[in-house]
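One letter stands for each residue in the lines below.
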Amino acid sequence: MEHPKYKIALIVGAGEGLSASLARLLSAQGIRVALAARKIEKLGALCSETGAKAYACNATEPEEVERLFGLVERELGTPELVVYNASGRTRGPFVDLVPADVEQAIAISAYGGFLVAQQAAKRMLPNKHGAILFTGASASVKGYAQSASFAMGKFALRGLAQSLARELSPQGIHIAHFVIDGGIRSAARTEPADKPDSMLDPDAIAESYWNVLQQPRSAWSWELELRPWVEKF
């Protein structure tokens, strides 16, 4: 069975939680990791732990995204695995939402994903090898009340992933979108005592990302939904 090999990974929208779990798992597999975020001050401990290198980047700015990929190429190597983990939201009654805030939220959730994926694809296509993974949410498939901007952004990101899977997968690039259908557990956000296991473990999510990356290309997934086992459908 054919298994893809990745040497350099770039995680955009890095922070605590899922990004940190992915960085630890990938580095443990011998993959060099680059972390990108608008503010990288809080990534120092994770970089020390995993050997990752942090880069400041606003994923909604084309010039910054292009510069990010250039820096990673020069300092680590060309990313063969790229994860888009950034998202933006502004909550509130629909009639009270500020258009500029909604525009920014959609830009972070979806437009940034386009910019990052475009730079990644330009580098992967010549070798017909690579993987681009997108982190979605419940809002990718369910629009909740007072969460219009998040739903619009995540719906768009899912559409982008589906389109790219049809265009790029036949050219050797594995595209996958992950619907994280529930809250992710963290040190600052844990389950209520009366609802154990009601949140997703970020390490377990990272394992699912890794499992998708190991799929033989004759049976690639383009999307995977993850949710707590105790959820009532």
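Residues numbered from 1 in each chain as written. Predicted model: local features only at pLDDT ≥ 70, side-chain atom pairs only at ≥ 80, totals over all residues. Heavy atoms only, no water.

Novice: It is not clear to me how helix α3 (residues 62-75) should be interpreted in this structure. Could you clarify?
Specialist: For the α-helix, the turn length of 3.6 residues means that residues three or four positions removed from each other point alike. Relative to the 20 Å expected for 14 residues at 1.5 Å per residue, α3 spans 20 Å between its end C-alpha atoms, a close match to the ideal helical length. Considered for burial, the residues of α3 that qualify are Val65, Leu68, Phe69, Gly70, Leu71 and Val72. After α3 finishes, the residue Gly77 shows a positive phi value of roughly 135°. (Helix = DSSP H or I, 4+ residues; strand = E, 2+ residues; numbered from the N terminus. Expected span 1.5 Å × (residues − 1). Buried < 20%, exposed > 50% of the residue type's maximum accessible area, 1.4 Å probe, protein only.)

Novice: Sorry, what's going on with the sheet that holds strand β5 (residues 130-135) here?
Specialist: Across a sheet, paired strands are connected by hydrogen bonds in the backbone, their directions being either parallel or antiparallel. Here 7 strands make up an open sheet; going across it, the order is β3-β2-β1-β4-β5-β6-β7 and the pairing parallel. Edge positions in the sheet fall to β3 (53-56) and β7 (223-226), since each has one partner strand and no second. Between one strand axis and the next, the sheet turns through 20° on average, direction left out of account. Taken together, the 4 bridges between strand β4 (residues 81-84) and β5 define a ladder with parallel strand orientation. What sits directly across from Val83, in β5, is Leu133. (Pairing = 2+ DSSP bridges. Axes fitted to C-alpha atoms, helices over the stretch in contact; angles between N-to-C directions.)

Novice: Could you clarify how one ought to interpret the pairing of strand β2 (residues 32-37) in this entry?
Specialist: Remark: a regular strand shows side chains that alternate across the two faces of the sheet. Here β2 lies mainly inside the structure; 5 of its 6 residues are buried. Both strand β1 (residues 8-12) and β2 contribute to a ladder of 5 bridges, which runs parallel. Bridging across to β2, Leu10 finds its partner in Ala34. Each parallel crossover has a hand, and the one from β1 via helix α1 (residues 18-28) to β2 is right-handed. Relative to β3, β2 runs parallel, the two sharing 4 bridges. (Right-handed = clockwise from strand over helix to strand, strands pointing away.)

Novice: How do you make sense of the packing of aromatic side chains when you look at a structure like this?
Specialist: Between two aromatic rings, the relevant description is the distance of the centres plus the angle of the planes. Tallied over the entire structure, the rule returns 2 aromatic pairs. Measuring from ring centre to ring centre gives 6.1 Å for Tyr111 and Phe114, while their planes differ by 20°; the resulting arrangement is stacked. Taken together, the residues Tyr111 and Phe114, both in helix α4 (residues 99-124) and 3 residues apart, mark about one turn of the helix. For the ring pair Phe178 and Tyr209, a centre distance of 3.8 Å and an interplane angle of 10° mean the geometry is stacked. Of the two residues, Phe178 sits in strand β6 (residues 173-180) while Tyr209 sits in helix α6 (residues 202-213), which places them 31 residues apart along the sequence. Positioned above the aromatic ring of Phe150, the side-chain terminus of Arg89 is 3.7 Å from the ring centre. (Phe/Tyr/Trp six-rings, centres within 6.5 Å; stacked < 30°, edge-to-face > 60°. Lys NZ or Arg CZ within 6 Å of the ring centre and 35° of its normal.)

Scope: geometric values only; no functional claims are made or implied.
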